[in-house]
Each structure stands twice: as structure tokens, then as C-alpha cells.
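Each chain, letter by letter, is given below.
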Amino acid sequence: VTTLAGTPTLLFVGWLRLSGPAPFRNDIAMTTLDAQWQIESRPAIPLIPPTSLEPYGTGSCCVVAAPDGPRLLYTSFGPWHCTDEATNPSYAIRDVPLAQAHLATRQAKITVPRHGGEYAMAHPSTFTSKSGFLCAFTARGPAYRLFLAISPDGLTWQRLPSAVSI
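Here the residue index of a chain counts from 1 through its sequence in written order. Per-residue local features are limited, in this predicted model, to residues with pLDDT of at least 70; the limit for side-chain atom pairs, both in listing and counting, is 80 or more; totals at the level of whole chains, interfaces and linings are taken over all residues. Values reported for side chains reflect all heavy atoms of the structure, with hydrogen atoms and water molecules removed beforehand.

Asks: Honestly, the pattern of salt bridges in this entry has me stumped. Any pointers?
Replies: Any two side chains of opposite charge can pair, given that their charged atoms come close. Basic side-chain nitrogens of Lys or Arg form a salt bridge, by our definition, when they fall within 4 Å of a carboxyl oxygen of Asp or Glu. The final tally for this structure, using the stated rule, is seven salt bridges. Of the charged contacts, one joins Arg71 and Asp95 as a salt bridge, the two residues approaching to 2.9 Å between their closest N and O atoms. Here the residue Arg71 occupies a position in strand β5 (residues 69-77), and Asp95 occupies one in strand β8 (residues 91-97), the gap between them amounting to 24 residues. Overall, the relative accessible area of 8% leaves Arg71 in the buried class. Across the pair Lys109 and Asp95 runs a salt bridge, and its minimum N-O distance is 3.5 Å. Of the two residues, Lys109 is situated in strand β9 (residues 109-110) and Asp95 in strand β8; the sequence distance between them amounts to 14 residues. Comment: elements are numbered from the N terminus, with helices defined as DSSP H or I runs of at least four residues and strands as E runs of at least two. Buried residues are those whose accessible area, probed at 1.4 Å on protein chains only, stays under 20% of the maximum for their type, while exposed residues exceed 50% and partly exposed ones sit between those limits.

Here's what the structure looks like:
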């Protein structure tokens, strides 16, 4: 839940089972809430229309209150790479101005690049402080690991070099 233009807004992910190399498709949806936290408007489904870069949809997301307006960081589900040995998804964390998320021609950039053998970047969750922004996210290579990225402005992100030890 976030507040956009003074209105409580719920972003959520719907899931659809598929057959074929990718077993599912996800889509982000958005709806407004009233003062009692009840759904006030019909959800916009999907909020982000599919493209050739995101044939299996979009998922886990958060809103960043950047100086140029609210931005959506989200998991982008790209093509799956299938071999006889493994089926690996291709996920990225993308960033787009929230006002442009619904456009099929949106210019969503990759927020945090992959390192080494990573193939699945997902689950962005941001925090705001007086000194800037912090984004926690997962990256999968041989295993899922938790990482952090920092940003002074919510637009440019620098990944911290080591995984978070828990």
C-alpha cells in the first residue's frame, strides 16, 4: 500500500498457471482504497501490459517517492532459458515512472544489473531516509541471496558488493 496524490493505493500481484517452459505468468494490478481500507475502484489489471521483454509478466513491486515523481520498481519476467539440464528464468528489476507503467512503449530501465552467474533479480523493497534510498532485493545464481543497493535520488542505484548475512 502506498499513497498516490493523497489516495491510499494498493499494488498487488495476480498469478496464472501456464503450461510450457514457464509454469506461470504474473501481473501487477493497482486499485485505490477508501478511508476504511476497502477497495474503492475496479483494479487496473494488468497495470503493466506484456511486452517482448516481459513475456511472462511482472511481479513483486514497490513505489519510490523520487524527486521527479513516484517510480515503480518491479520484477520483470523475461524469457526462460531451457536446456536438457535446467530451466532458468530470466528476471530483472526494472524502474519506470509510475505514470508511464501502463504504456506498452514504456522505457523501463534495469535498476540493478546482474553479477556473475545470476539470472533472477527480484523482490525489490525500498526504504527512504534523510540520506537517500535503500533497496533490498534478491538475486539468484546457484542460490537466492539477499542484497542491498543505495541511491541518493531514487533514480540511480549502486549495488553493495556483498550479500546480506543473516
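Asks: I'm lost on the pairing of strand β3 (residues 24-32) in this one. Help?
Replies: When a strand is regular, its side chains alternate between the sheet's two faces. Within β3, seven of the nine residues are buried, leaving the element largely enclosed by the surrounding structure. Two strands are counted as paired when DSSP detects at least two bridges linking them. Where strand β2 (residues 7-17) and β3 come together, nine bridges link them in antiparallel fashion. Of the residues in β3, the one forming a bridge with Phe12 is Ala29. Taken together, β2 and the strand that follows it, β3, pair antiparallel across an intervening segment of six residues, in which Gly20 is found at a positive phi of about 105°.

Asks: I keep staring at the packing of aromatic side chains and nothing clicks. Help me out?
Replies: Two measures describe an aromatic ring pair: the distance that separates the ring centres and the angle between the ring planes. Planes of paired rings set the category: under 30 degrees apart is stacked, over 60 is edge-to-face and the rest tilted, where pairs are Phe, Tyr or Trp rings (Trp by its six-membered ring) whose centres lie within 6.5 Å. Scanning the model with the defined rule gives three aromatic pairs in all. For the ring pair Phe77 and Tyr91, a centre distance of 4.6 Å and an interplane angle of 85° mean the geometry is edge-to-face. Of this pair, Phe77 sits in strand β5 while Tyr91 sits in strand β8, and the two are 14 residues apart along the sequence. Here Phe77 matches Tyr91 in class, with each residue buried.

Asks: Help me understand the environment of Tyr119, please; the structure alone is not making it clear to me.
Replies: Its place among the elements puts Tyr119 in the loop between β9 and β10 (120-129). A residue is classified by how much of its surface remains accessible, and Tyr119, at 17% relative accessible area, is buried. Linking Tyr119 and Gly6, residues 113 residues apart in sequence, is a C-alpha distance of 37 Å. The residues contacting Tyr119, other than those within four sequence positions of it, are Asn88, Pro89, Ser90, Tyr91, Arg114, Arg140 and Gly141. The contact rule is simple, with two residues in contact once any of their heavy atoms fall within 4.5 Å.

Asks: Looking at this model, I keep getting lost on the pairing of β8. Mind explaining?
Replies: The buried count for β8 comes to six of seven residues, which makes it a mostly enclosed element. Across seven bridges, the pairing between β5 and β8 is antiparallel. Paired with Thr75 across the two strands is Ile93, which belongs to β8. Where β8 and β9 come together, two bridges link them in antiparallel fashion. Each bridged residue has a counterpart across the sheet, and for Asp95 the counterpart in β9 is Lys109.

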